[in-house]
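So you can see what is in the structure, the chains are spelled out below.
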Amino acid sequence: MPDIPAVSRRTLMGGALATGVAAGLGAGTASAAPAAPAAQAVPPGEPAPPRGRGQRSMANVPFTVHRTVRVGLIGLGNRGHGMASGWAAVPGCTVTAVCDIRAERAARTADLLAFEGRPRPAEYGGSAEAYLRMLRHDDIDLVYIATPWEFHHEQGRAALLAGKHALVELPVATELDELWDLVDTSERTRRHLILSENCNYGRNELAMLRMAHDGLFGEITNGHGGYLHDLRALLFSDTYYTDSWRRLWHTRSTASFYAMHGLGPIAAAMDVNRGDRMTALRATATEPRGLADYRERFVPTSHPSWRETYVNGDLVTCLIDTARGRVIRAEHDVSSPRPYSRINSLAGSRGIFEDYAGVTSAGGGRIYVEPDHSGHTWRAFDSYRKEFDHWLWRKIGDDAAGNGGHGGMDYVLQWRTVQQMRAGLVPDMDVYDAAVWCSPVPLSVRSLAAGGRPVPVPDFTRGSWVNRRPGLDSHPGEMPPVP
Ligand SMILES: NC(=O)c1ccc[n+]([C@@H]2O[C@H](COP(=O)([O-])OP(=O)(O)OC[C@H]3O[C@@H](n4cnc5c(N)ncnc54)[C@H](O)[C@@H]3O)[C@@H](O)[C@H]2O)c1
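Each value, and the rule that gives it
- Residues numbered from 1 in each chain as written.
- Predicted model: local features only at pLDDT ≥ 70, side-chain atom pairs only at ≥ 80, totals over all residues.
- Heavy atoms only, no water.
- Helix = DSSP H or I, 4+ residues; strand = E, 2+ residues; numbered from the N terminus.
- Rg over C-alpha atoms; globule rule 2.2 N^0.38 Å.
- Areas by Shrake-Rupley, 256 points an atom, 1.4 Å probe, with all protein chains shown as cover.
- Lys, Arg positive; Asp, Glu negative; His and termini not counted.
- Charge placed at Lys NZ, Arg CZ, Asp CG, Glu CD.
- Phe/Tyr/Trp six-rings, centres within 6.5 Å; stacked < 30°, edge-to-face > 60°.
- Buried < 20%, exposed > 50% of the residue type's maximum accessible area, 1.4 Å probe, protein only.
- Lys NZ or Arg CZ within 6 Å of the ring centre and 35° of its normal.
- Near = heavy atom within 4 Å.
- Polar contact = N/O pair within 3.5 Å; in protein donor to acceptor, adjacent residues only side chain to side chain.
- 1 Å grid on protein atoms, 1.4 Å probe; cavity = no way out; pocket = protein on both sides within 12 Å on 5 of 7 lines; lining within 4 Å.
- Sits in = over half its atoms within 2 Å of the grid points.
- pLDDT = per-residue confidence, 0-100.
- Contact = heavy atoms within 4.5 Å.
- Points joined across faces, edges and corners; volume = space filled by probe spheres on them.
- Nonpolar A, V, L, I, M, F, W, Y, C, P; charged D, E, K, R; others polar.
- Pairing = 2+ DSSP bridges.
- Axes fitted to C-alpha atoms, helices over the stretch in contact; angles between N-to-C directions.

Focus on the overall build of the chain
Phase 1 of the analysis: Check the secondary structure of the chain and you find 16 helices and 15 strands.
Phase 2 of the analysis: Rg of the C-alpha trace for the chain: 22 Å, near the compact-globule value of 23 Å for 483 residues, within the 12% margin.
Phase 3 of the analysis: When the backbone C-alpha atoms are referred to their principal axes, the chain occupies close to 60 × 55 × 50 Å.
Phase 4 of the analysis: Taken as a whole, the chain presents about 18900 Å² of accessible surface, with 53% of it coming from carbon and sulfur.
Phase 5 of the analysis: Charge-centre separation for the chain: the mean point of 52 positive side chains lies 3 Å from the mean point of 53 negative side chains.

The structure is reproduced here in structure tokens:
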């Protein structure tokens, strides 16, 4: 059964507005959306390609019920190996297969799970195509992909074609035609492909979402998010990113590679694909300075990186307009010295929330909402986090703290994904969210190539974005009993 969120003050407001938008749109197609207040005219977008034979929308499509969820892992480096124990710890979930092009990494993860007392998964490895052998087996329901970005599209696609659901690390693809291909393949195979956006399950992010839906910010007008993480030491490490794959992306193009950790939660709070949609994106980029400067100071001249030229701007900023006249600022910077931030700020006609404010980020955040506050003075977020704590954190927050990385949100993502599959629920996030949240990767390239002019954002839902539907603001639910 799909789980439907409680009707809140905000849902009613949003529903009325969304209906208004839809009414103004006739058939509700993207091209007919009211012009967002953009500084420059947006050139018309390419129309959405027509659906092929057998393709139908995946919006609101529940998983079939799985008694247990059998997971196959592809890519067992920092992330994939680190997530393995969490998958195995979720009630009703078993890791049945592990795959890495480096066979010894498959063995390492299998060893770890066996050491933890879990059933030993089958191992696949030794070639770039080993994952295809793994996908031929029918003891896998969900494939979790944590390989370098260049492999996500082909591996995600292959998982769907093999009849599995796929949870893919970000970005799910880096080109527009690849994003469309994943949407089409999901619609054709009737399998879900979901962005593994753990930050959408962050405790502050989910509280912010619930507050937005409850109307605390009034009419949402703008939001800001991003990925601001000084990765310089890791990018130049010879042991962290395998074959330096992540640094090499900075030699290829100027793009907002990885803003989804901040963009996803803001888009969710704005009900993007569920009553609103992104219409246009314009990008700016600073000069690329940080990586070359770091190399100059800290990397020996014998290091292979000295043959590289870094072209990606240190700070790439995307301004995204929505059909309901909102603006999102999404930022990406992994090349500059700075403390970590995903920004995570949401504002509207009644107030504002800013995460990552102040000198510590641990459970931080500040808020100012009318009528609770006046006098132009920020207040601590703590009491609001408590009041609007999402049911998932109330229910499994303690397990998450004991089982997962990133403050527990990794485990919340894993638990909820498995719960949805076991209970036969509609997933909180779907292929349309994955596509639009990752679209700033290619769209920032296009906008920058056009001198920073706005470029249209495709409507991957092919018009169904006008319909209100549940997302991450779900109803409390039980994990089905383990058979
Ligand atoms: N959501 C998050 O919080 C989060 C955190 C860290 C990393 N990530 C993402 O996870 C992914 C992996 O990052 P990482 O830091 O673990 O990188 P990594 O280099 O440590 O691991 C990548 C692994 O993929 C393997 N691999 C490469 N090609 C393969 C193929 N064809 N078949 C099977 N395995 C293959 C490599 O051998 C390596 O073990 C990236 O997409 C990254 O952006 C997400």
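Picking up after the structure, the text goes on.
What about the packing of aromatic side chains?
Phase 1 of the analysis: If you walk through the whole model with that rule in mind, you get 17 aromatic pairs.
Phase 2 of the analysis: Each ring, one from Trp149 and one from Trp249, has its centre 5.5 Å from the other, and the planes form 55°; the classification is tilted. Residue Trp149 is found in the loop between β4 (142–145) and α5 (152–161), and its partner Trp249 is found in helix α9 (residues 245–249); the two are separated by 100 residues along the sequence. Neither Trp149 nor Trp249 differs from the other in exposure class; each is buried.
Phase 3 of the analysis: Their ring planes at 70° and their centres at 6.4 Å tell us that Trp391 and Trp415 sit as a pair that is edge-to-face. In this pair, Trp391 sits in helix α13 (residues 391–403) while Trp415 sits in helix α14 (residues 409–423), placing the two residues 24 residues apart along the sequence.
Phase 4 of the analysis: Relative accessible area serves as the criterion here: at 3%, Trp415 is assigned to the buried category.
Phase 5 of the analysis: Linked through ring pairs, Trp149, Tyr227, Tyr240, Tyr241, Trp245, Trp249, Phe257, Tyr258, Tyr340 and Tyr356 together constitute an aromatic cluster.
Phase 6 of the analysis: Across from the ring centre of Trp306, 4.5 Å away, lies the NZ or CZ of Arg295, which sits over that ring.

Some details on the site of the ligand
Phase 1 of the analysis: By nearness alone, 29 residues border the ligand, and Asn78, Asp100, Arg102, Arg105 and Thr242 come closest of all.
Phase 2 of the analysis: Here an oxygen atom of the ligand sits 2.6 Å away from a polar atom, N or O, in the side chain of Asp100.
Phase 3 of the analysis: Taking Leu170, its main chain carries an N or O atom lying 3.3 Å from an oxygen atom of the ligand.
Phase 4 of the analysis: In the complex, the protein chains occlude 94% of the 850 Å² of accessible area that the ligand would expose alone.
Phase 5 of the analysis: Mapping the ligand onto the cavity grids shows that it belongs to the largest pocket.

Points about the confidence of the model for the chain
Parts of the prediction with low pLDDT should not have their coordinates interpreted in detail.
Phase 1 of the analysis: Across the chain, the average pLDDT comes to 91, with 90% of residues at or above 70.
Phase 2 of the analysis: Scored below 50 in pLDDT, residues 1–39 shows 69 contacts in the model against residues more than four places distant or in partner chains.

Digging into empty space enclosed by the protein
Phase 1 of the analysis: Evaluated as defined, the whole model comprises four cavities of 30 Å³ or more.
Phase 2 of the analysis: A volume near 40 Å³ is recorded for the largest cavity.
Phase 3 of the analysis: Lining the largest cavity are Ile194, Tyr201, Leu413, Thr417, Gln420, Pro427, Asp428 and Met429.
Phase 4 of the analysis: Looking at the lining of the largest cavity, the element that brings in the most residues is α14, giving three residues.
Phase 5 of the analysis: Among the residues making up the lining of the largest cavity, the classes are represented as five nonpolar, two polar and one charged.

Description of unusual backbone geometry
Phase 1 of the analysis: Following Leu170, the chain continues to Pro171 via a peptide bond in cis, the omega torsion being -10°.
Phase 2 of the analysis: Residue placement: Pro171 occurs in the loop between β5 (165–168) and α6 (176–189).
Phase 3 of the analysis: The linkage connecting Glu370 with the following residue, Pro371, adopts the cis geometry, with an omega of 5°.
Phase 4 of the analysis: A positive phi is found at Tyr356, a non-glycine position, where the angle reads about 55°.
Phase 5 of the analysis: Here Tyr356 shows up in the loop between β12 (351–354) and β13 (366–369).

Some points on the pairing of strand β8 (residues 278–285)
Phase 1 of the analysis: Burial analysis of β8 places six of its eight residues in the buried class, the great majority of the element.
Phase 2 of the analysis: Bridge count between β8 and strand β9 (residues 316–322): seven bridges; the pairing is antiparallel. Within the sheet, the bridge partner assigned to Leu281 lies in β9 and is Ile320.
Phase 3 of the analysis: As defined by bridge partners, β8 adjoins strand β15 (residues 455–456) across two bridges and the pair is classed as antiparallel. Note on β15: the bridge partner recorded for Ala280 is Pro456.

Concerning the sheet that holds strand β7 (residues 220–228)
Phase 1 of the analysis: Across the sheet, which stays open at both edges, the nine strands sit in the order β14-β13-β12-β11-β7-β10-β9-β8-β15 with mixed pairing between neighbours. Strands at the two margins of the open sheet, each flanked by one partner only, are β14 (379–380) and β15.
Phase 2 of the analysis: Against the sheet, helix α10 (residues 260–269) makes contact with β7, β8, β9, β10 (327–333) and β11 (345–348), and its axis sits at roughly 160° relative to β7, the strand it touches most.

Concerning the layout of surface pockets
Phase 1 of the analysis: Computed from the structure, the largest pocket encloses a volume of approximately 1000 Å³.
Phase 2 of the analysis: Surrounding the largest pocket, 45 residues form its lining, Arg79, Ala146, Thr147, Pro148 and Trp245 being those nearest its centre.
Phase 3 of the analysis: Every element with two or more residues in the lining of the largest pocket is listed here: α2 (78–89), β2 (93–100), α5 and α9.

Examining the sheet that holds β2
Phase 1 of the analysis: Judged by pairing direction, the sheet is parallel, and its six strands sit side by side in the order β3-β2-β1-β4-β5-β6 without closing on themselves. Looking at strand neighbours, the two that pair on one side only are β3 (122–125) and β6 (193–195), the edges of this open sheet. Sheet twist, expressed as the mean angle between neighbouring strand axes with direction ignored, is 20°.
Phase 2 of the analysis: Of the pairings in the sheet, the one linking strand β1 (residues 69–74) to β2 comprises six bridges and is parallel in character. When the sheet's bridge partners are listed, Arg70 is paired in β2 with Thr94.

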